[in-house]
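Residue-level structural notes
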Amino acid sequence: MGKKVFVGVDGCKAGWFAVFLEEENENGCRWKVELFPEFSCLVDFLKNNYGQADPLILIDIPIGLKYGGSGERLSDTGARSVLKARKSSIFPVPCREAIYEETYEKACEVNERLTGKRISKQAWNIVPKIRDVDSFLIKNENFREKVREVGPEICFQSFAGFPMKYPKKKVEGFLERKEVLASVCAFSDEVLRYALLKFRRKDLAKDDILDAFAAALTAKMGNIYGFTCVPYKPETDIKGLKIQMVYCECTEVRSRVSTKSNVKTNQSKKKR
């Protein structure tokens with residue numbers, strides 16, 4: 001089997017933030033962090049930098065859209081049942097017809113007519129990113145099994161064994177999630193420090209870094225221990241896209257996963 005590269009992706013003000021974890025050997029990996037204005041740029045970066053590696057991309061964005069008022073996505077209702085305490089982080093996704101409307105008012109009108117519900121401002125704010133990934137996957141069928149939807153709050157809950165206590169935008173929320181990442185990854189603080197120094201807060205928020213890193217680690221751990229899928233049997237939308245979230249149930253991970261051996265980064269080590 002060839003090498004693999006595990007990618008966690010989260011939307012940010014500048015576009016997409018991604019954490020790349022490349023298998024180096026069975027005990028270690030190399031990491032990179034990058035910002036991209038569009039999803040296709042991320043894929044180009046993958047091809048140029050990891051051409052021989054098989055990618056698995058976990059991204060915090062809805063993949064697969066309901067059509068014609070056919071109800072809410074089962075992945076969303078299932079994810080809320082998994083999260084329970086933090087289920088509000090999974091908001092209703094607009095239907096396909098509304099996603100491609102040009103204005104918020106028109107999208108709300110279409111969504112309400114077809115589903116009985118208007119669109120939240122939170123959902124509308126990420127519509128450009130939903131379109132970005134949706135249009136890419138419609139055109140690139142070979143990437144459909146390589147790009148999967150993930151919910152970062154489920155990842156953190158799975159790593160920790162319990163829901164996060166604080167909202168991620170609060171200082172306490174950042175620190176508790178940072179601690180959770182450190183409990184499952186020996187070099188997590190190094191990645192966070194580097195990303196915080198490299199990118200401006202007006203382009204990349206602190207919680208975006210955490211979410212993308214959690215997704216990348218989930219991809220890596222899921223490759224070892226297997227994924228849990230929500231729902232188990234996916235829906236398929238009118239464009240042929242799978243509607244399903246994935247995460248790794250980490251009971252075994254919390255006691256066994258160690259990435260301390262032979263850890264290297266792509267960044268040159270400067271004299272401290």
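Residues numbered from 1 in each chain as written. Predicted model: local features only at pLDDT ≥ 70, side-chain atom pairs only at ≥ 80, totals over all residues. Heavy atoms only, no water.

Contact pair helix α7 (residues 152-160) / helix α8 (residues 171-184): the axes reach a minimum separation of 9 Å and the direction vectors enclose 55 degrees. By the angle between their directions, the pair α7 and α8 is classed as oblique. The handedness of the crossing between α7 and α8 comes out as left-handed. Contacts from Glu-153, Phe-156, Phe-159 and Ala-160 of α7 reach α8 at Arg-177, Val-180, Leu-181 and Val-184. Looking at the contact of α7 with α8, its residues break down into six nonpolar, no polar and two charged. (Axes fitted to C-alpha atoms, helices over the stretch in contact; angles between N-to-C directions. Helix = DSSP H or I, 4+ residues; strand = E, 2+ residues; numbered from the N terminus. Parallel < 35°, antiparallel > 145°, perpendicular 65-115°, else oblique. Left-handed = near helix turned anticlockwise from the far one by under 90°. Contact = heavy atoms within 4.5 Å. Nonpolar A, V, L, I, M, F, W, Y, C, P; charged D, E, K, R; others polar.)

In this model, the largest pocket occupies a volume close to 960 Å³. Taken together, 35 residues line the largest pocket, and the ones lying closest to its centre are Asp-60, Phe-91, Gln-122, Ile-126 and Lys-168. Listing elements by their share of the lining of the largest pocket, those giving two or more residues are β1 (4-12), α2 (74-83), α5 (121-125), α7 and α10 (206-225). When the residues that make up the lining of the largest pocket are grouped by side-chain class, the tally is 14 nonpolar, six polar and 15 charged. (1 Å grid on protein atoms, 1.4 Å probe; cavity = no way out; pocket = protein on both sides within 12 Å on 5 of 7 lines; lining within 4 Å. Points joined across faces, edges and corners; volume = space filled by probe spheres on them.)

This paragraph deals with the pairing of strand β4 (residues 54-59). Burial of β4 is extensive: five of the six residues sit out of reach of the surface. In this structure, β1 lies alongside β4, joined through six bridges in parallel fashion. Directly across from Val-5, in β4, lies its bridge partner Pro-55. (Buried < 20%, exposed > 50% of the residue type's maximum accessible area, 1.4 Å probe, protein only. Pairing = 2+ DSSP bridges.)

This part covers the confidence of the model for the protein chain. Looking at the protein chain, the pLDDT average stands at 90 and 90% of residues meet or exceed 70. In this model, residues 255-272 is a region of pLDDT below 50 whose contacts with residues beyond four sequence positions or in other chains number 34 contacts. (pLDDT = per-residue confidence, 0-100.)

The terminal C-alpha atoms of α8, which comprises 14 residues, lie 21 Å apart, in line with the 20 Å expected from a rise of 1.5 Å per residue. If you check which residues of α8 are buried, you get Gly-173, Phe-174, Glu-176, Arg-177, Val-180, Leu-181 and Val-184. Next to the buried residues of α8 lie α7, α9 (188-198) and α10. (Expected span 1.5 Å × (residues − 1).)

This part takes up the packing of aromatic side chains. Two descriptors summarise a pair of aromatic rings, namely the distance from one centre to the other and the angle between the planes of the rings. Inspection of the entire model under this criterion finds twelve aromatic pairs. On the basis of an interplanar angle of 80 degrees and a centroid distance of 6.2 Å, the ring pair of Phe-20 and Phe-36 is categorised as edge-to-face. With a gap of 16 residues between them, Phe-20 in strand β2 (residues 15-25) and Phe-36 in strand β3 (residues 28-36) connect regions that are remote in the sequence. Each member of the pair, Phe-20 as well as Phe-36, is classed as buried. Consider the rings of Phe-136 and Phe-143, whose centres lie 5.6 Å apart with planes at 70 degrees: the pair is edge-to-face. Taken as a pair, Phe-136 and Phe-143 share a single burial class, namely buried. Feature note: the residues Trp-16, Phe-39, Phe-136 and Phe-143 constitute an aromatic cluster, connected by ring pairs. A cation over a ring is seen here: Lys-129 above Trp-16, with NZ or CZ 5.9 Å from the ring centre. Seen from the ring of Phe-143, Lys-146 lies directly overhead, with NZ or CZ sitting 5.1 Å from the centre. (Phe/Tyr/Trp six-rings, centres within 6.5 Å; stacked < 30°, edge-to-face > 60°. Lys NZ or Arg CZ within 6 Å of the ring centre and 35° of its normal.)

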